[in-house]
Amino acid sequence: MAAEAKNNDDLKALIGDKFLTRDGKQASFDESIKGNDLIGLYFSAHWCGPCRQFTPKLKACHEQWMKDGQKIVIIFGTGDKDEQSFKDYFAEHGDYLAFEFGEKEGRIKTLKEKYGVNGIPWLTILDKNGKLIHNEADTLVGQKQADAIKEWI
C-alpha cells in the first residue's frame with residue numbers, strides 16, 4: 001500500500017491536483033485520476049486544423065474505452081491563444097478533463113517540454129505511476145482507433 005501511495009504522489013507531482021471537467025467544475029486528483037490505469041495527456045488547440053480533425057477521433061475512442069470499462073482518463077492541455085477559445089474547444093471534446101487555461105505557461109508548458117512535444121495534436125500515454133507508456137500516441141489512435149489501447153495495457 002505504501003508503494004501505491006508513493007506512486008500516486010509521483011503522478012500527482014507530475015500532473016497536478018486541479019483539473020476542469022467539461023461542465024467547468026473543478027476536480028481533484030483523488031476524485032478524477034486516482035484509480036485509473038492509464039492517463040492520456042492530449043495537447044491540442046482550437047486553431048489547429050489537424051487537431052480539429054483528430055479530436056473527434058479521440059472523443060470516439062474515449063467513449064468506446066469507457067463503454068468497455070477501461071480505466072483511462074484523458075487530460076486536455078490547451079495551446080489556445082485565449083480562454084474563450086479554450087472553453088469553446090473543450091466543449092467539443094469527450095467527457096474528460098483539462099488543465100486550467102492559466103496552466104498554459106505553467107504545467108502544460110512543463111509537460112510539453114518533458115515529453116518533447118514539437119507539434120499538435122500530440123497524445124502522451126502514462127501508466128498509473130506516471131511512467132511513459134507511449135509518446136505521440138495520436139498516431140496509433142489514428143491508425144487503430146479504439147484498439148490502440150491494447151498496445152498500452
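Conventions used here
Residues numbered from 1 in each chain as written. Predicted model: local features only at pLDDT ≥ 70, side-chain atom pairs only at ≥ 80, totals over all residues. Heavy atoms only, no water. Pairing = 2+ DSSP bridges. Helix = DSSP H or I, 4+ residues; strand = E, 2+ residues; numbered from the N terminus. Contact = heavy atoms within 4.5 Å. Axes fitted to C-alpha atoms, helices over the stretch in contact; angles between N-to-C directions. Buried < 20%, exposed > 50% of the residue type's maximum accessible area, 1.4 Å probe, protein only. Core = buried A, V, L, I, M, F, W, Y, C linked by side-chain atoms within 4.5 Å. Right-handed = clockwise from strand over helix to strand, strands pointing away. Disulfide = S-S within 2.5 Å. Phe/Tyr/Trp six-rings, centres within 6.5 Å; stacked < 30°, edge-to-face > 60°.

> Help me out: how do you make sense of the sheet that holds strand β2 (residues 26-28) in this one?
Sheet strands line up and pair through hydrogen bonds in the backbone, either parallel or antiparallel. Ordered in space as β2-β1-β5-β4-β3-β6-β7, the seven strands form an open sheet in which the pairing is mixed. Both outer strands of the open sheet, β2 and β7 (132-134), are each paired with one neighbouring strand and no more. With seven bridges joining them, strand β3 (residues 38-44) and strand β4 (residues 72-78) adopt parallel strand pairing. Across the sheet, residue L41 finds its bridge partner in β4, namely I75. Sitting on the sheet, helix α4 (residues 83-90) is in contact with β1 (18-21), β3, β4 and β5 (97-98), with an inclination near 150° to β4. Lying over the sheet, helix α5 (residues 107-114) contacts β3 and β4, oriented at roughly 105° with respect to β3.

> How should the pairing of strand β6 (residues 122-127) be read in this particular structure?
For a regular strand, side chains alternate in direction, first toward one face of the sheet and then toward the other. Burial analysis of β6 places six of its six residues in the buried class, which makes it a mostly covered element. Burial of the side chains of β6 extends over both faces: W122, T124 and L126 are buried on one face and L123, I125 and D127 on the other. Sheet topology note: the β3/β6 ladder contains six bridges and is antiparallel. Each bridged residue has a counterpart across the sheet, and for L38 the counterpart in β6 is D127. In the sheet, β6 pairs with β7 via two bridges, with the strands oriented antiparallel. If you follow I125 over to β7, its bridge partner there is H134. Here β6 folds back onto β7 in antiparallel fashion, the turn holding four residues, of which G130 has a positive phi close to 90°.

> When you look at the nonpolar core in this model, what are you seeing that I'm missing?
Across soluble globular proteins, nonpolar side chains have a tendency to be buried as a group. By size, the foremost hydrophobic cluster in this structure holds 28 residues, and its most contacted members are Y42, W65, L123 and W152. Of all the elements in the fold, those that place two or more residues in this core are β3, α3 (49-67), β4, α4, β6 and α6 (138-144). Ranked by the residues each element gives to this core, the list is headed by α3, at five residues. Residues L11, I15, I33 and F43 belong to the second largest nonpolar core, which totals 20 residues.

> Would you mind going over the pairing of β3 with me for this structure?
Of all seven residues that make up β3, seven are buried, and the element is covered over most of its length. Judged by which residues are buried, β3 turns out to be covered on both faces: L38, G40, Y42 and S44 on one side and I39, L41 and F43 on the other are all buried. In this fold, the crossover linking β3 to β4 by way of α3 has right-handed handedness.

> I would appreciate a short explanation of the state of the cysteines in the present structure.
By definition, a disulfide links two cysteine residues through a covalent bond between their sulfur atoms. All told, the structure shown has zero disulfides when counted by the stated rule. There is no disulfide at C61, and the cysteine sulfur nearest it, in C51, is 16 Å away. What makes C61 buried here is its relative accessible area of 3%.

> Help me understand the packing of aromatic side chains, please; the structure alone is not making it clear to me.
Where two aromatic rings form a pair, the distance of their centres and the angle of their planes describe that pair. For the coordinates displayed, the defined rule picks out nine aromatic pairs. For the pair Y42 and F76, a centre-to-centre distance of 6.3 Å together with 40° between the ring planes defines the contact as tilted. With Y42 in strand β3 and F76 in strand β4, this pair connects stretches of sequence that are 34 residues apart. The pair formed by Y42 and F76 is uniform in burial state, with each residue classed as buried. Centre to centre, the rings of F76 and F90 are 5.8 Å apart; their planes meet at 25°, and the pair counts as stacked. On the criterion of sequence distance, the pair formed by F76 in strand β4 and F90 in helix α4 is long-range, its members being 14 residues apart. Of the two residues, F76 and F90, neither departs from the other in class, the shared state being buried.

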